[in-house]
Amino acid sequence: LVVETPSGLLRTRRVLLAIGQGERPYWPPWARDLKLQNAPIDHVFEPDFKRREVPANGATVVVGGGITAVQTALALVARPDSHVILLARRPLEKSQFDFNPCWIGPKCLKAFHRQDPVARRTIIDGARIPGSLPGEVLDHFERILAQHRIAFRQAAVQSAAVAGDGIHLITEGGALHARRVILATGFRPGRPGGSW
């Protein structure tokens, strides 16, 4: 195989793609609509997102229930005069890994390596534990929550609209108004690499 790169050609017998999901952040449909209206909404995995540039004035809603959402919310609440609400569809779940540790060694990998690429993707998707948190992160969040320095709401967004100087979210648990929304909703499902 010959791989063409900006630095020149690479000749090899094998190519292994380990490119991750970075180019595929998941935007829920309600969030895509807001983005088209130039609403103050961002996704933590977009290349131009800079957490340190998020203003501290007004309420910031962080949407997601995994480690990225919780760490983003905790970083934002550490700033003076911040008002942060973590909005997650389900309870926060503790798990030291976002997968079963058997995948680190041969216990689960032997059968995996015998599968074709389509079956492997199905196995990978089924083995993941998305939206989970290591114990120390969940403990830290619960301490900040108990001190009333952060808010948590377990609900799914049903609709959203640009409203005045921010975003109005309708959830199963009632309405929220935020100056800005930050998505930590992970990546779109499917094999990384797009057309590759």
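Model, not experiment: these values are computed from the prediction.

## Description of a nonpolar patch on the surface
A cluster of nonpolar side chains, Leu1, Val15, Leu17 and Ile19, forms an exposed patch at the surface whose accessible area comes to about 380 Å². Here Val15 lies in the loop between β2 (8–11) and α1 (29–36). Given a relative accessible area of 46%, Val15 falls into the partly exposed group.

## Focus: the environment of Ile85
Relative to the elements of secondary structure, Ile85 occurs in strand β5 (residues 83–88). Sequence-wise, Ile85 and His168 are 83 residues apart; in three dimensions their C-alpha atoms are separated by 13 Å. Contact partners of Ile85, with chain neighbours within four places excluded, come to Thr60, Val61, Val62, Ala151 and Leu176.

## A closer look at the confidence of the model for the protein chain
Averaged over all residues, the pLDDT of the protein chain equals 89, while 94% of them reach at least 70. Between the elements of the protein chain, mean pLDDT differs from a low of 82, seen in helix α4 (residues 117–127), to a high of 97, seen in strand β12 (residues 180–183).

Here is what the cut-offs are and how they apply
- Residues numbered from 1 in each chain as written.
- Predicted model: local features only at pLDDT ≥ 70, side-chain atom pairs only at ≥ 80, totals over all residues.
- Heavy atoms only, no water.
- Patch = residues over 30% accessible without salt bridge, like charges linked within 9 Å, V, L, I, M, F, W, Y side chains within 5 Å.
- Areas by Shrake-Rupley, 256 points an atom, 1.4 Å probe, with all protein chains shown as cover.
- Salt bridge = Lys/Arg side-chain N within 4 Å of Asp/Glu carboxyl O.
- Helix = DSSP H or I, 4+ residues; strand = E, 2+ residues; numbered from the N terminus.
- Buried < 20%, exposed > 50% of the residue type's maximum accessible area, 1.4 Å probe, protein only.
- Contact = heavy atoms within 4.5 Å.
- pLDDT = per-residue confidence, 0-100.

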